[in-house]
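# Structural description and commentary
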Amino acid sequence: MVDPLIATIMIIAGGVLVGVCVHFIPASATGAMAAATGIATGPSMLSAGAGLTGIYAAAYSIDSGLALVIVSGAVGSALMLLITILCGNIMLAFGIGAPPVSGQTASGKSTFGGTKDIITGFEQEGYASPGTDGHGMPFQTAVSGGFGALMGGAGGALVFYAVYSMTLPAISTENVVTLAGIVAAGVFLINSVLPAYVLVGKTEGMFDMKIRSMHRTFISCLVTSSIVACVIYAVCELAVSEVIV
Amino acid sequence: MKEIQIHTLFGAALLSGIAGILLIGHGISIGIVFFWLPFLSAANSVRGMAKYGLGTGNASIGYWGTAVGATSAFIASLCCGSTPLPLLYTATVVTISLVIGLATGVLADKVIRMKIPRIELNSAVIAVSTALITAGFLLIIGSNYCLYPFIYIIITLAVLHPYNASTGAGENQKRTLLLALVEACMTTLVIGIVAMLASGSAMPVSDDVAIVVVSVCGLVIAVVAWYRLVKSDIYDIRWTGYSPAEH
């Protein structure tokens with residue numbers, strides 16, 4: 001277990017990680033029609049899904065110490081996202097014959113410029129169907145998504161472990177896991193929806209120009225998470241002191 | 001038709017929610033009907049934010065607002081949930097949710113710069129309304145922590161769905177709010193049934209039965225009113241052979 005003050009800092013750090021991770025996870029609502037690069041849902045909902053998987057995975061290793069909880073959360077979240085990306089690519093490639101291609105890179109508007117996949121060096125230009133902004137999740141986008149999910153899962157696990165540590169003295173062990181899980185999910189949802197305003201429903205991850213607006217997400221999530229963390233700290237301290245008295 | 005203003009509906013929902021918590025706190029379970037108005041207020045604010053095309057879906061905004069409200073109520077239940085003073089619990093829940101809801105709204109407006117009119121007000125309204133509902137439901141179900149995720153999800157769905165289902169050409173506040181009332185009654189009905197099952201007694205507790213009965217009555221009335229309004233609104237739309245549009 002960790003000290004309540006350190007746990008408060010962990011909640012803030014976890015909240016910020018959760019907010020920032022949304023910028024790295026490729027998602028687009030129009031991806032459902034193979035009209036844009038990214039997984040076919042809103043970035044916030046996808047990140048929230050990945051984060052909740054992370055919290056679920058973290059809950060299984062709650063007795064194994066902080067490091068394992070964070071790793072478990074991060075890996076669980078990344079696994080969920082990479083499997084989604086893999087299945088999405090299979091559906092798009094073999095279902096409708098659309099190859100995974102980054103729309104931003106194909107049009108030369110990606111963060112690093114050029115029209116090639118930054119990792120594999122595969123040419124993107126010419127593979128995007130006319131009238132679309134790419135389709136599927138090419139390698140660079142999948143790597144960005146995996147990285148984002150690792151961050152999100154670790155953030156969710158941090159919040160989960162922190163709330164677990166703070167509330168454990170006040171209520172019984174079996175109940176504290178549920179409470180910590182739902183509070184961590186709440187913190188995750190609050191922080192993961194805020195960046196949606198910056199991303200406007202679509203992002204290709206770290207190779208999308210929108211990554212440059214990350215500082216706004218960082219500040220917003222830092223302030224929001226700080227308020228939430230302070231409230232959790234104050235309430236838990238009150239609850240624990242009542243139990244001790 | 002003139003629309004009900006956000007602050008008018010919220011004022012009524014706040015008073016109604018507090019009355020509901022006080023009644024339930026004093027053992028009068030049918031006070032649950034007072035939570036129908038907070039449901040309407042929250043659904044109205046989801047509509048207020050989502051109709052400007054805010055860059056995220058209705059689902060996200062519903063989950064976001066409810067996350068603030070429900071998390072505030074869950075946290076407050078730790079220190080004040082077992083207090084014999086429901087008013088203290090209510091004050092704590094309202095204060096926490098108002099602060100966090102307002103802060104997220106202001107940040108979305110000033111830092112993220114998504115220029116949605118009255119985003120901070122709508123964000124605070126969703127947070128406080130859902131916090132009041134969550135606090136009331138927690139008083140009914142008691143400190144059964146396994147049901148916390150269920151409470152969160154069931155409230156979120158009833159808050160985010162009315163505008164999502166009514167959106168499109170010809171959407172109006174009256175029909176959206178009536179659908180919100182239908183879903184509010186449905187939610188309290190489910191809570192009544194869950195409270196019956198969770199009580200563990202061989203015979204259903206009369207308080208829980210009262211919740212179910214009053215919710216069923218409300219549900220029937222709300223569904224009939226909503227269905228009539230849907231039929232009346234459909235009458236105004238004429239088939240032209242083109243894509244759906246208002247005529």
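Residues numbered from 1 in each chain as written. Chains lettered and ligands numbered in written order. Predicted model: local features only at pLDDT ≥ 70, side-chain atom pairs only at ≥ 80, totals over all residues. Heavy atoms only, no water.

Going by the annotation in an unreviewed UniProt entry, the name recorded for chain A is Tetrahydromethanopterin S-methyltransferase subunit D, with Candidatus Methanogaster sp given as the source organism.

## A few points about the overall build of chain B
Along its length, chain B carries eight helices and zero strands. When the elements of chain B are put in sequence order from the N terminus, they spell out α-α-α-α-α-α-α-α. Buried positions account for 54% of the 247 residues belonging to chain B. Restricting to contacts in chain B with at least 6 residues of sequence separation, those with at least 24 account for 73%. Total accessible area on chain B stands at roughly 10500 Å², and carbon and sulfur atoms take up 68% of it. (Helix = DSSP H or I, 4+ residues; strand = E, 2+ residues; numbered from the N terminus. Buried < 20%, exposed > 50% of the residue type's maximum accessible area, 1.4 Å probe, protein only. Contact = heavy atoms within 4.5 Å. Areas by Shrake-Rupley, 256 points an atom, 1.4 Å probe, with all protein chains shown as cover.)

## A look at the overall build of chain A
Per the secondary structure count, chain A includes eight helices and five strands. Mapped in sequence order, the helices and strands of chain A form the string α-β-β-α-α-β-α-β-α-α-α-β-α. Radius of gyration (C-alpha) of chain A: 19 Å, near the 18 Å computed for a compact globule of 245 residues. With the C-alpha coordinates aligned to their principal axes, the bounding extent of chain A is approximately 70 × 30 × 25 Å. In chain A, buried positions account for 55% of the 245 residues. When contacts within chain A are restricted to residue pairs at least 6 apart in sequence, those whose partners lie at least 24 apart make up 74%. Here chain A has roughly 9300 Å² of accessible surface; of this, 72% comes from carbon and sulfur atoms. Considering chain A, the positive charge centre built from 6 side chains and the negative charge centre built from 11 side chains are found 20 Å apart. (Rg over C-alpha atoms; globule rule 2.2 N^0.38 Å. Lys, Arg positive; Asp, Glu negative; His and termini not counted. Charge placed at Lys NZ, Arg CZ, Asp CG, Glu CD.)

## Examining a nonpolar patch on the surface
Residues and elements named next belong to chain A. A cluster of nonpolar side chains, namely L68, V71, V75, L79, I83 and L150, defines an oily patch on the protein surface of about 510 Å² accessible area. Sorting elements by how many residues they give to the nonpolar patch places helix 3 (residues 66–96) first, with five residues. As for its placement among the helices and strands, L68 is situated in helix 3. Taking the relative accessible area as the measure of exposure, L68 reaches 46% and is therefore partly exposed. (Patch = residues over 30% accessible without salt bridge, like charges linked within 9 Å, V, L, I, M, F, W, Y side chains within 5 Å. Salt bridge = Lys/Arg side-chain N within 4 Å of Asp/Glu carboxyl O.)

## Re the pattern of salt bridges
Under the criterion given, the structure shown has six salt bridges over all chains. Of the charged contacts in the structure, one is a salt bridge between R47(B) and E171(B), with a shortest N-O distance of 2.8 Å. Of the two residues, R47(B) is situated in helix 2 (residues 36–50) and E171(B) in the loop between helix 6 (148–166) and helix 7 (173–199); the sequence distance between them amounts to 124 residues. The residues R47(B) and E171(B) share a single accessibility class, namely buried. Bridged by salt links that share partners, the residues D133(A), K202(A) and E204(A) form one connected network.

## Some words on helix 2 (residues 43–60) of chain A
With 18 residues, helix 2 of chain A should cover 26 Å at 1.5 Å per step; its first-to-last C-alpha distance of 26 Å lies within 8% of that length. Of all the residues in helix 2 of chain A, the buried ones are P43(A), S44(A), L46(A), S47(A), A48(A), A50(A), G51(A), G54(A), I55(A), A57(A) and A58(A). (Expected span 1.5 Å × (residues − 1).)

## With respect to the packing of helix 4 (residues 86–110) of chain B against helix 5 (residues 119–141) of chain B
What describes two packed helices is the angle between their axes and the distance between those same axes. Residues and elements named next belong to chain B. Across the interface, helix 4 lies against helix 5 with an axial gap of 7 Å and an inter-helix angle of 150°. Classified by the angle between their axes, helix 4 and helix 5 sit roughly antiparallel to one another. With respect to the hand of their crossing, helix 4 and helix 5 are arranged in right-handed fashion. Per-class residue counts for the contact of helix 4 with helix 5 are 16 nonpolar, six polar and two charged. (Axes fitted to C-alpha atoms, helices over the stretch in contact; angles between N-to-C directions. Parallel < 35°, antiparallel > 145°, perpendicular 65-115°, else oblique. Left-handed = near helix turned anticlockwise from the far one by under 90°. Nonpolar A, V, L, I, M, F, W, Y, C, P; charged D, E, K, R; others polar.)

## Some points on the interface of chain B and chain A
Opposite the 34 residues of chain B that make contact, chain A presents 34 residues. A buried area of about 3000 Å², summed over both sides, lies between chain B and chain A, and 82% of it is on carbon and sulfur atoms. Broken down residue by residue, the surface that chain B buries against chain A is led by L78(B), I112(B) and Y145(B), which jointly contribute 23%. There are zero salt bridges connecting chain B and chain A. Counting the contacts that link chain B with chain A gives one residue pair in polar contact (both at pLDDT 80 or more). Secondary structure elements with two or more residues in the side of chain B that touches chain A: helix 3 (58–80), helix 4 and helix 6 of chain B. (Buried area = accessible area lost by both parts, 1.4 Å probe. Polar contact = N/O pair within 3.5 Å; in protein donor to acceptor, adjacent residues only side chain to side chain.)

## Concerning the environment of D117(A)
Residue and element names in this part refer to chain A. Relative to the elements of secondary structure, D117 occurs in the loop between helix 4 (103–106) and strand 4 (133–136). Spatially, the C-alpha atoms of D117 and V101 are 8.8 Å apart, while their sequence positions differ by 16 residues. In this structure, D117 is in contact with T105, F122, Q124, P138, F139 and Q140, ignoring residues within four places of it in sequence. Polar side-chain contacts of D117 include one of 2.9 Å to the backbone nitrogen of I119.

## Re the sheet that holds strand 2 (residues 36–37) of chain A
Residues and elements named next belong to chain A. Taken together, the three strands give an open sheet; going across it, the order is 2-4-3, and neighbouring strands pair in mixed fashion. Only two strands of the sheet have a single neighbouring strand rather than two, namely strand 2 and strand 3 (101–102). In this structure, strand 2 lies alongside strand 4, joined through two bridges in parallel fashion. Among the inter-strand pairings, T37 is bridged to a residue of strand 4, identified as G136. (Pairing = 2+ DSSP bridges.)

## Points about the pairing of strand 4 of chain A
Here strand 3 of chain A runs beside strand 4 of chain A; their pairing, made up of two bridges, is antiparallel. Note on strand 4 of chain A: the bridge partner recorded for V101(A) is H135(A).

## Some thoughts on the packing of helix 2 of chain B against helix 5 of chain B
Residue and element names in this part refer to chain B. Closest axis-to-axis distance for the helix 2/helix 5 pair is 8 Å, and the angle between their directions is 150°. Taken together, the axis directions place helix 2 and helix 5 in an arrangement best described as roughly antiparallel. Viewed along their axes, helix 2 and helix 5 form a crossing whose handedness is left-handed. Within the contact between the two elements, helix 2 uses P38, F39, S41, A42, S45, V46, G48 and M49 and helix 5 uses I119, N122, S123, V125, I126, S129, T130, I133 and F137.

## Overview of helix 5 of chain B
Residue and element names in this part refer to chain B. Compared with an ideal rise of 1.5 Å per residue, which puts 23 residues at 33 Å, helix 5 spans 33 Å between its outermost C-alpha atoms and is within 8% of the ideal. Within helix 5, 20 of the 23 residues are buried, which leaves it mostly tucked inside the rest of the structure. Two residues or fewer past helix 5, G142 is found with a positive phi of approximately 80°.

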